Structures are given as structure tokens and as C-alpha cells.
Amino acid sequence: MDCLFCKIVNREIPGDIVFEDDEVLAFNDINPQAPTHVLIIPKRHIATLNDLEEGDLALVGRLQYVAARLARERGFAEEGYRVVMNCNDLGGQTVYHIHMHLMGGRRFTWPAG
Ligand code: AMP
Ligand code: ZN
């Protein structure tokens, strides 16, 4: 399949991997927007959030759990961090394999930025 993140999962292209288990892979974003910017993805290809099925609920929970665990390991869980999942064009999605952005180590503003 011609999917960038499936290729990272399959080691067809390199990724700066920081966590892996049976279902999930996490690697550093190539264009970081914060001192920590990790992408957490399911190993199984799911194109967008709109493609989630009821059987995927535990998998999505696992993405969030891994994000929180990485934040704690890196020491910024208490001060705070941001997680983002973009969906489709207007949501800013550019890679069509769902991923959770974990960003930490700086202050984020809301809305925007
Ligand atoms: P999104 O815009 O939410 O789809 O996020 C896609 C993210 O993937 C962006 O933050 C990119 O910087 C990142 N990205 C693109 N190619 C790679 C790559 N080869 N390795 C790591 N991150 C990547
Ligand atoms: Zn994929």
C-alpha cells in the first residue's frame, strides 16, 4: 500500500521510533512543532478518523494512553502538553493514516497556535 506511515511500520523507510508494541508505533515528527513532537499511530492502516469502527475503540484509547505515558516519561505530564488528531483537508490532515500528535515542552495557546 502506498502509505508513508505503513512504510515506517514495515521498516521500508526509516522512522525515528521511540515506542512500539503489538498494535502501536510512535516516532518523532520530521518537522517538530515543539521540543517533543511525537506521532503515535496504529500499526494497522486506518486512513482517517471517519473510518473508525466500533471495534477500534480500544486501539484509539491505546494511542491516547501511549501519549500520556510518553509525556510522563519525558517529565512534562504535570506541566501539560497537547495532543491533536487532524481529520481530512480542512482539519489539516496531510498523511492519510491516522496519527495522534503529542507535543510538549512549550506553552500552547487556544484557540489556534
Ligand atoms: P497531519 O498534518 O496531521 O497529517 O500530520 C502529518 C505529520 O507527519 C506532519 O507533522 C509531518 O511533519 C509528519 N511527517 C511527514 N512525513 C514524515 C516522516 N517521514 N517521518 C516523520 N514524520 C513525518
Ligand atoms: Zn497506512
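The structure this text deals with has already been given above.
The paragraphs below set out a description of the structure included in this document.

Analysis parameters
- Residues numbered from 1 in each chain as written.
- Chains lettered and ligands numbered in written order.
- Predicted model: local features only at pLDDT ≥ 70, side-chain atom pairs only at ≥ 80, totals over all residues.
- Heavy atoms only, no water.
- Salt bridge = Lys/Arg side-chain N within 4 Å of Asp/Glu carboxyl O.
- Helix = DSSP H or I, 4+ residues; strand = E, 2+ residues; numbered from the N terminus.
- Buried < 20%, exposed > 50% of the residue type's maximum accessible area, 1.4 Å probe, protein only.
- Pairing = 2+ DSSP bridges.

Details of the pattern of salt bridges
- Enumeration over the complete set of coordinates arrives at eight salt bridges.
- In this structure, R62 engages D21 in a salt bridge whose closest nitrogen and oxygen atoms are separated by 2.6 Å. Remark: D21 occurs in the loop between β1 (17–20) and β2 (24–28) and R62 occurs in helix α2 (residues 57–73); sequence separation between them is 41 residues.
- Residue class for D21 comes out buried when judged on its relative accessible area of 16%.
- Among the ionic pairs, D56 bridges to R44, the shortest N-O distance being 2.7 Å. Here D56 is found in the loop between β3 (36–42) and α2, whereas its partner R44 is found in the loop between β3 and α2, with 12 residues between them in sequence.
- The class for D56 is buried, based on a relative accessible area of 7%.
- In this structure R44 comes out as partly exposed when scored by relative accessible area, which is 46%.
- One network of salt bridges, in which partners are shared, links R11, E20 and K43.

Quick word on the pairing of β3
- Counting buried positions over the seven residues of β3 gives seven, a clear majority of the element.
- Side chains T36, V38, I40 and P42 project from β3 onto one buried face, and the interleaved H37, L39 and I41 project onto a second face that is buried too.
- The pairing of β2 with β3 spans five bridges and is classified as antiparallel. Across the sheet, A26 pairs through a bridge with I40, a residue of β3.
- Bridging between β3 and strand β5 (residues 100–104) involves five bridges; their strand directions are antiparallel. Across the sheet, H37 pairs through a bridge with M103, a residue of β5.

Remember, this is a structural readout, not a statement about activity or role.
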